[in-house]
Amino acid sequence: MTSTVELLILGAGWTSTFLIPLCTARGVSHAATSRNGRDGTIAFEFDPHSLNPRPFQALPNAQTVLITFPIKVGGASERLVRLYQQTHGEGPKTAFIQLGSTGIWDGGPTLQGDGHVWTDRHSEFDETNDRAKAEMELLALAPEVPTTVLDLCGLWGGQRQLRNWVSRVAPSKDALKQKGSIHMIHGLDVSRAVLAVHGHFNRASGERWLLTDLRVYDWWDLASAWGEEGKQGRWVRELLQEQGIRALPRTPETIGRAMDSKEFWETFELEPTRGRLGED
């Protein structure tokens, strides 16, 4: 008899290092997969081109399936859902969450011309982006199949610390000059968001969400605080003088790009708990 869990994590990667402990702490039954079945996970690899249901037979029944890996092949999102359903007809009705990227809005029409600064989940996005197309395919299955997408901004926490990236991102004054805003979210808050959707899927079904920690960070501000002595901090001081900017962080209007994720947090009655970079 196939076992049943509340949450099945397809792809036990970086996010799972926060999500699995949170599930355990909250008593949410769970299982996770990896390509080789490491660390007690289930060996499973999704082939986006395959119609073979056999790999799915190793998976437990689940109330919610979280897809953590990107899908970029046309038809693959629906195939994943249908193959899982085909092999788990005796289990509960399953809902599906896809983790995506706010990159589908980068460089899109909402960020160009007319002084447009703010992007939210309703803003136009690049519909030619392969990941965006896969997300649309998944969302189109609702309401017959409960589906939703969480588009995540930059991820941090654990070994992923933004202060360690400054020298690579801004190795020269000219490179730093080109840097504007950055949006981040901690792995714990991603995990809290996933469990909130799992617990209230009726609020999420058929919807795409944009997820940040509610802040707009300025690369110049971060470089000034965390850069190498005599390099990034000095370059920021010079750039402020050259461009007539009086203080850090620069405003979203000055930077020219900002993301608004309030609607997710309002809908699920949550607040980010890790809202200051570097305070893990």
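Attention in this report is confined to the structure presented alongside it. (Residues numbered from 1 in each chain as written. Predicted model: local features only at pLDDT ≥ 70, side-chain atom pairs only at ≥ 80, totals over all residues. Heavy atoms only, no water.)

### Let's talk about the overall build of the chain
Argument step 1. Along its length, the chain carries 10 helices and 13 strands.
Argument step 2. Taken over C-alpha atoms, the radius of gyration comes to 20 Å for the chain, in line with the 19 Å a tight globule of 280 residues would show.
Argument step 3. C-alpha extents for the chain along the principal axes are approximately 70 × 40 × 35 Å.
Argument step 4. The buried share of the chain, taken over its 280 residues, is 48%.
Argument step 5. Taking the contacts inside the chain whose residues are at least 6 apart along the sequence as the reference set, 79% of them involve residues at least 24 apart.
Argument step 6. Looking at the chain as shown, the accessible area adds up to about 13,500 Å², and 46% of this sits on carbon and sulfur atoms.
Argument step 7. Computing the positive centroid from 30 side-chain charges and the negative centroid from 35, the chain places the two 5 Å apart. (Helix = DSSP H or I, 4+ residues; strand = E, 2+ residues; numbered from the N terminus. Rg over C-alpha atoms; globule rule 2.2 N^0.38 Å. Buried < 20%, exposed > 50% of the residue type's maximum accessible area, 1.4 Å probe, protein only. Contact = heavy atoms within 4.5 Å. Areas by Shrake-Rupley, 256 points an atom, 1.4 Å probe, with all protein chains shown as cover. Lys, Arg positive; Asp, Glu negative; His and termini not counted. Charge placed at Lys NZ, Arg CZ, Asp CG, Glu CD.)

### Let's talk about the packing of helix 2 (residues 76-87) against helix 3 (residues 130-139)
Argument step 1. Following both chains from N to C, one finds helix 2 and helix 3 inclined at 40°, their axes separated by 7 Å at the closest point. It follows that helix 2 is oblique to helix 3 by the angle criterion. Mapping the contact onto sequence places A76, S77, E78 and V81 in helix 2 and A134, E137 and L138 in helix 3.
Argument step 2. Of the residues belonging to the contact of helix 2 with helix 3, the class tally is four nonpolar, one polar and two charged. (Axes fitted to C-alpha atoms, helices over the stretch in contact; angles between N-to-C directions. Parallel < 35°, antiparallel > 145°, perpendicular 65-115°, else oblique. Nonpolar A, V, L, I, M, F, W, Y, C, P; charged D, E, K, R; others polar.)

### A few points about the packing of aromatic side chains
Any pair of aromatic rings gets described here by the distance separating the centres and the angle formed by the planes.
Argument step 1. For the structure on display, the rule yields 10 aromatic pairs.
Argument step 2. Look at F264 and F268: their rings are 4.7 Å apart centre to centre, the planes differ by 35°, and that puts the pair in the tilted class.
Argument step 3. Looking at F264, the relative accessible area reads 1%, which means it is buried.
Argument step 4. F268 sits in the buried class, given a relative accessible area of 4%.
Argument step 5. In this structure, R121 packs its charged tip against the face of W209, placed 4.0 Å from the ring centre.
Argument step 6. Of note, R250 hangs over the ring of W220, and the distance from its end group to the ring centre comes to 3.7 Å. (Phe/Tyr/Trp six-rings, centres within 6.5 Å; stacked < 30°, edge-to-face > 60°. Lys NZ or Arg CZ within 6 Å of the ring centre and 35° of its normal.)

### Points about the layout of surface pockets
Argument step 1. Empty space within the largest pocket amounts to approximately 650 Å³.
Argument step 2. What lines the largest pocket is a set of 30 residues, among which L10, G11, T68, F69 and P70 lie closest to the centre.
Argument step 3. Looking at the lining of the largest pocket, the elements with two or more residues in it are strand 1 (4-10), strand 2 (30-34) and strand 5 (95-101).
Argument step 4. Among the residues forming the lining of the largest pocket, the class breakdown is 15 nonpolar, nine polar and six charged. (1 Å grid on protein atoms, 1.4 Å probe; cavity = no way out; pocket = protein on both sides within 12 Å on 5 of 7 lines; lining within 4 Å. Points joined across faces, edges and corners; volume = space filled by probe spheres on them.)

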